[in-house]
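The lines below spell out each chain.
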Amino acid sequence: MNVLGLAITIGQRIASEEFGIDSDGHVTTHSSILPETAEIIAGGLASLIIFFLLAKFAGPAIKKGMAARTERIQKELDAAAADRQSAATEAAQIRQAKGDIAAERARLLADADAQAAAVLDDGRSRLRQELAELEAKTLADIAAAQSRTGDELRAEIARLSVAAVDHVVSGSLDDATQQQLIENFIARVGASSEGARS
Amino acid sequence: MSDRIEGYARGLFEIARAEGTLDEVEDELFRFARSYESSDALRNALTDEMIPADRRQQIVEDLLGGKATPTTIQLVSLVVGAGRGRDLPAIIDRLVARASTSKQLELAEVRTAVPLTDDQKTRLAAALANATGKNVNVKVVVDPSVLGGVVATIGDTVIDGSVRTRIDQLKSRL
């Protein structure tokens, strides 16, 4: 049953109250909803007493509890506000730090770029220098090798020539030649005079 | 050592002169000395103390027998037998120098690839005398390393007309 149905039922009960007079002449009702008058009075008095007692003894405790609760809530609100302020401050600091980090990052990147460029330039310069030195050394080695080869070739030619001279001369020195050489020596020495020889 | 060499040279010289064969002995000894210097085997055999003296003398006699005068053989045997084989060239050189001095001649050592005839020796001596202004006592050494021509040494003067020297000069230029 919903609320509307319950209200309709209660209305119908009130409307259909049956009144009667008892033997003492008192009007009696038989409402199934409203109590008897005395009962209402007694109940009302009891309720007042209870409300009074509650106000008398439980009231301060309730007020104190409510005040404590209010104070606690206020503290929590204050703490929340402080936290919020702190968070805002921290957020500002973080934003500032973020900005600083971005600036630092940009500076570091710029420094890194500059250093990289310098290293690159230095490396290129060194590479060019080493290349030039290597080229010069290679050319010198080639020249030395050519010279050495030339020297070795000349030495070999000389050696072969000397061997050939020995062979040819030894083979051509027959008795007649030997005698001719001796006669030429005697004639040449005989033709020279004292002091002409070294 | 020098006195001993000089003593042996003087003794050998006097013996050769007394024998009347000085020129011949001098010439033979000179050629033997040059052979001795150029032959390791001969030098080792005549200076080896482990070989008895009479065996070394026998080697000398076998070597020179029929090729040299008895005086030359005896003189060499004398030196070798006395254990002075090592000093033999020096002794002989001193003997030849002494002989040249006695004849008022300057020693001329002549090296050739082939032997010289007597006529060539005479003409060579005259040519050297003309060139140096001194009368010379020519001693010929046959040295195949000369290849051809003549190398004459008179004191400190060297007259080199050898093929070997010309080839060496050519080698240097090459």
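Scroll up for the structure.
Residues numbered from 1 in each chain as written. Chains lettered and ligands numbered in written order. Predicted model: local features only at pLDDT ≥ 70, side-chain atom pairs only at ≥ 80, totals over all residues. Heavy atoms only, no water.

J.: Help me out: how do you make sense of the packing of helix H2 (residues 22-38) of chain B against helix H5 (residues 70-81) of chain B in this one?
T.: When two helices pack together, their arrangement is given by the angle between the helix axes and by the axis-to-axis distance. All names here are of chain B. Where H2 meets H5, the axes come as close as 9 Å, and the angle between the chain directions of the two elements is 50 degrees. Taken together, the axis directions place H2 and H5 in an arrangement best described as oblique. Taken as a pair, H2 and H5 cross one another with a handedness that is right-handed. Along its contact with H2, which presents Val-25, Glu-28, Leu-29 and Phe-32, the element H5 presents Thr-71, Thr-72, Leu-75 and Val-76. Considering only residue class, the contact of H2 with H5 consists of 5 nonpolar, 2 polar and 1 charged. (Axes fitted to C-alpha atoms, helices over the stretch in contact; angles between N-to-C directions. Helix = DSSP H or I, 4+ residues; strand = E, 2+ residues; numbered from the N terminus. Parallel < 35°, antiparallel > 145°, perpendicular 65-115°, else oblique. Left-handed = near helix turned anticlockwise from the far one by under 90°. Contact = heavy atoms within 4.5 Å. Nonpolar A, V, L, I, M, F, W, Y, C, P; charged D, E, K, R; others polar.)

J.: Would you mind going over the sheet that holds strand E1 (residues 106-112) of chain B with me for this structure?
T.: Either a parallel or an antiparallel arrangement is found when strands of a sheet pair, and the pairing is made through backbone hydrogen bonds. Residue and element names in this part refer to chain B. The strand order across the open sheet formed by 4 strands is E2-E1-E3-E4, and the pairing between neighbours is mixed. On the outer flanks of this sheet lie strand E2 (136-142) and strand E4 (157-162), each paired with one strand and no other. On average, each strand axis in the sheet is inclined to that of its neighbour by 15 degrees, with strand direction left out of account. The sheet contact formed by E1 and strand E3 (residues 149-154) spans 5 bridges and is antiparallel. Across the sheet, Arg-111 pairs through a bridge with Val-151, a residue of E3. Running over the sheet, helix H7 (residues 118-132) touches E1, E2, E3 and E4 and is turned about 125 degrees from E2. (Pairing = 2+ DSSP bridges.)

J.: When you look at helix H4 (residues 53-64) of chain B in this model, what are you seeing that I'm missing?
T.: Think of an α-helix as 3.6 residues a turn; residues three or four steps apart then line up on the same face. Residues and elements named next belong to chain B. In this model, H4 (12 residues) spans 17 Å end to end at C-alpha, consistent with the 16 Å of a helix rising 1.5 Å per residue. Listed as buried for H4 are Arg-56, Val-60 and Leu-64. The arc that holds every buried residue of H4, seen down its axis, measures 60 degrees, which confines them to one face. In H4, the exposed residues that point more than 90 degrees away from the buried face are Asp-54 and Asp-62. The elements touched by buried residues of H4 are H2, helix H3 (40-47) and H5. Gly-66 sits one or two positions beyond H4 and adopts a positive phi of about 85 degrees. (Expected span 1.5 Å × (residues − 1). Buried < 20%, exposed > 50% of the residue type's maximum accessible area, 1.4 Å probe, protein only. Arc of directions from axis to C-beta.)

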